[in-house]
Amino acid sequence: MSPKKIIGILAWREGKRFGEPEYLRRLVHAGHLLGAEIFVFSHQDVFASEKKIRGFVPKESGGWESSWFAWPQIVIDRYRRRVPEYMKLRHSGLFDFANSPFSKKWRVTQLLAKDARVKRWIPETYVYAPATLKTMLVKHPILYVKPGNGTGGKSILKVAERGSKYQLSGRDKNYARKTASLSDPEEVGKWVKRWVNEQRIRDGNFLLQQGLDLELVPDRVTDVRLLIQKDKKGEWRVTGCAVRVGEKGSSTSNLHGGGKALPFHLLVSRRFGEERAQKILQECHHMAHQVAMVLEEHFGRMMEFGLDIGVDVQGKTWLIEVNPKPGREVFQQMGALDLYAEAICRPVQYACYLIEEKTKRLTKEVELSSRRRR
Ligand SMILES: Nc1ncnc2c1ncn2[C@@H]1O[C@H](COP(=O)(O)OP(=O)(O)O)[C@@H](O)[C@H]1O
Ligand SMILES: [Mg+2]
């Protein structure tokens, strides 16, 4: 029997409180079913000079128990806070990570907008500057102002031209709704300037992005969340997708901001017909594969991406955002429990695949060097 594969999951913790306890619990469980030794750890659990690592596994009765583990052969990075201790560990070279570090929204958008394979899906985007806002307001009937380092639909403002007015609707840092109706572009300029100053996340910048008309349902922003993951053979595969429907009047569709997940076909087929919906879905898949390929060429080995895709009222497909550590709640929320289970299983299967490949490589190297010695 081959020895157990050892997989670590790097995540944020404080005491026995973890960032995403339910997901981590399920990951560990999936690993056990695959026969792996698997545990969650955080930056404070690594004792590099002694090659010791403290790991946590969920208890049947709830909660977590810790013990010492052997050094992991592969680590899945699920740390979702950019604290200095994590950044240091991430770049220490101590572990072999399944997924490479990724960049902020602005750099990723810039990179994709320049690549001939994917640029047709990227909305026009610039770093916020008052003068750029003016020209973008003239050019696009809808405009989005969003933080270049944001997540979860926070600090996002939509500016839409309606008749002789500009309707502004935003979600601030606490998801609170903020709205205004202004008639003068100068006023809009001032309002946005204030937004940028008040809603800035740490020292981040803001982006101005061509807004897409995503009201597949009147007065609601709807978009597609697609999950693409590496499978047990190390190949990219679309696990599934869902449509997220935002709250009435909200500028975003994010689940944390009250959005609801529905099956793709329910909404897209109803709007565009079966045949067209199938084509749109194919394009989403094609986009996901191309984007994963381009990003992996740039950032190094990756494991999964959650894509926010806009399908506008004309049926044109756009890429809004790429998430390197995506949630899976859309599948759970729309009742696709098989997809939800698969989405949790795949990272662990991929980690097992990486360990097998590594073991094969090492065995080959040992054989070669012993042959040379003979
Ligand atoms: N350019 C845009 N056009 C239309 N809707 C957008 C645009 N940018 C963002 N949104 C809406 O806001 C949501 C959040 O934006 P996103 O860029 O994904 O930021 P976050 O990282 O906070 O999720 C999107 O899922 C979408 O519903
Ligand atoms: Mg998003």
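Residues numbered from 1 in each chain as written. Chains lettered and ligands numbered in written order. Predicted model: local features only at pLDDT ≥ 70, side-chain atom pairs only at ≥ 80, totals over all residues. Heavy atoms only, no water.

Engineer: Can you tell me about the overall build of the protein, naming the residues and giving the values?
Structural biologist: When its secondary structure is counted, the protein shows nine helices and 19 strands. What you see for the protein is a C-alpha radius of gyration of 23 Å, in line with the 21 Å of a compact globule of 374 residues. C-alpha atoms of the protein, sized along the principal axes, occupy 80 × 50 × 45 Å. Here the protein holds 374 residues, and the buried ones make up 52% of them. Sequence separation of 24 or more characterises 62% of the internal contacts of the protein that already satisfy a separation of 6 or more. With an accessible surface of roughly 18,300 Å², the protein has 51% of that area assigned to carbon and sulfur atoms. (Helix = DSSP H or I, 4+ residues; strand = E, 2+ residues; numbered from the N terminus. Rg over C-alpha atoms; globule rule 2.2 N^0.38 Å. Buried < 20%, exposed > 50% of the residue type's maximum accessible area, 1.4 Å probe, protein only. Contact = heavy atoms within 4.5 Å. Areas by Shrake-Rupley, 256 points an atom, 1.4 Å probe, with all protein chains shown as cover.)

Engineer: Any details on the site of ligand 1? Residues and values, ideally.
Structural biologist: Inspection of the region around ligand 1 gives 24 residues, with Lys105, Lys146, Gly153, Asp223 and Glu321 positioned closest. Between a nitrogen atom of ligand 1 and a main-chain N or O atom of leucine 212, the distance comes to 2.9 Å. Here an oxygen atom of ligand 1 and a side-chain polar atom of glutamate 321 are 2.7 Å apart. Compared with its free state, where it exposes 540 Å², ligand 1 has 99% of that area covered by protein. (Near = heavy atom within 4 Å. Polar contact = N/O pair within 3.5 Å; in protein donor to acceptor, adjacent residues only side chain to side chain.)

Engineer: With reference to specific residues and values, describe the coordination of the magnesium ion (ligand 2).
Structural biologist: Bound to the magnesium ion (ligand 2) on the protein side are Asp308 (OD) and Glu321 (OE), at distances that span 2.1 Å. With aspartate 308 in strand β18 (residues 304–311) and glutamate 321 in strand β19 (residues 317–323), this residue pair connects regions lying 13 residues apart in the sequence. With respect to burial, aspartate 308 and glutamate 321 carry one shared label: buried. (Donors = N, O, S within 2.8 Å, 3.2 Å for Na, K, Ca; no water.)

Engineer: Which residues make up helix α6 (residues 264–272), and what are the values?
Structural biologist: Those residues of α6 not exposed but buried are Phe264, Leu267, Val268, Ser269 and Phe272. In this structure, the buried residues of α6 make contact with β15 (222–230), β16 (236–245), β17 (260–263), α7 (274–299) and β18. Looking at the residues trailing α6, positive phi occurs at glycine 273, about 85°.

Engineer: Mind laying out the sheet that holds strand β9 (residues 125–127), listing which residues take part and the relevant values?
Structural biologist: Across the sheet, which stays open at both edges, the six strands sit in the order β9-β14-β10-β11-β12-β13 with antiparallel pairing between neighbours. The outermost strands of the open sheet, each flanked by one partner alone, are β9 and β13 (177–182). Here the average twist between neighbouring strands, direction ignored, is 15°. Where β9 meets strand β14 (residues 206–210), three bridges bridge the pair, whose relative direction is antiparallel. Note on β14: the bridge partner recorded for tyrosine 126 is leucine 208. Of the strands in this sheet, β9, β10 (142–147) and β14 touch helix α3 (residues 105–114), which is tilted by about 135° from β9. (Pairing = 2+ DSSP bridges. Axes fitted to C-alpha atoms, helices over the stretch in contact; angles between N-to-C directions.)

Engineer: Any details on the packing of aromatic side chains? Residues and values, ideally.
Structural biologist: One pair of aromatic rings is described through two measures. These are the centre distance and the angle between the planes. Across all of its chains, the model carries 14 aromatic pairs by this definition. Ring centres of phenylalanine 18 and phenylalanine 56 lie 5.5 Å apart, and the angle between their planes is 75°; this geometry places the pair in the edge-to-face category. In this pair, phenylalanine 18 sits in strand β3 (residues 17–18) while phenylalanine 56 sits in strand β6 (residues 52–58), placing the two residues 38 residues apart along the sequence. On the basis of relative accessibility, which here comes to 3%, the residue phenylalanine 56 falls in the buried class. A ring pair is formed by phenylalanine 102 and phenylalanine 305, whose centres lie 5.7 Å apart and whose planes are at 50°; its orientation type is tilted. (Phe/Tyr/Trp six-rings, centres within 6.5 Å; stacked < 30°, edge-to-face > 60°.)

Engineer: Describe the pattern of salt bridges, listing the residues and the values that go with them.
Structural biologist: Tallied over the full model, the rule gives 32 salt bridges. Across the salt bridge formed by aspartate 172 and lysine 178, the nearest N and O atoms sit 3.1 Å from each other. Classification of aspartate 172 by relative accessible area gives buried; the value is 7%. Of the residues examined, lysine 178 reaches a relative accessible area of 36% and is grouped as partly exposed. Measuring nitrogen to oxygen at the nearest pair gives 3.1 Å for the salt bridge that ties lysine 360 to glutamate 357. Note that lysine 360 and glutamate 357 are positioned in helix α9 (residues 337–373) at a spacing of three residues, about one turn of the helix. Here the salt bridges share partners, and the residues they tie into one network are Glu20, Arg78, Arg80, Glu304 and Arg328. (Salt bridge = Lys/Arg side-chain N within 4 Å of Asp/Glu carboxyl O.)

Engineer: Explain the domain arrangement of the protein residue by residue, including any values.
Structural biologist: On domain assignment, one finds that the protein holds domain 1 (6–97), domain 2 (124–210) and domain 3 (215–348). Counting residues at the interface gives 14 residues for domain 2 and 14 residues for domain 3. The largest per-residue losses of area from domain 2 upon contact with domain 3 belong to Arg171, Tyr175 and Arg177, which jointly make up 38% of the total buried on that side. In this assembly, domain 2 and domain 3 are joined by four salt bridges. (Domains from an automatic or database assignment. Buried area = accessible area lost by both parts, 1.4 Å probe.)

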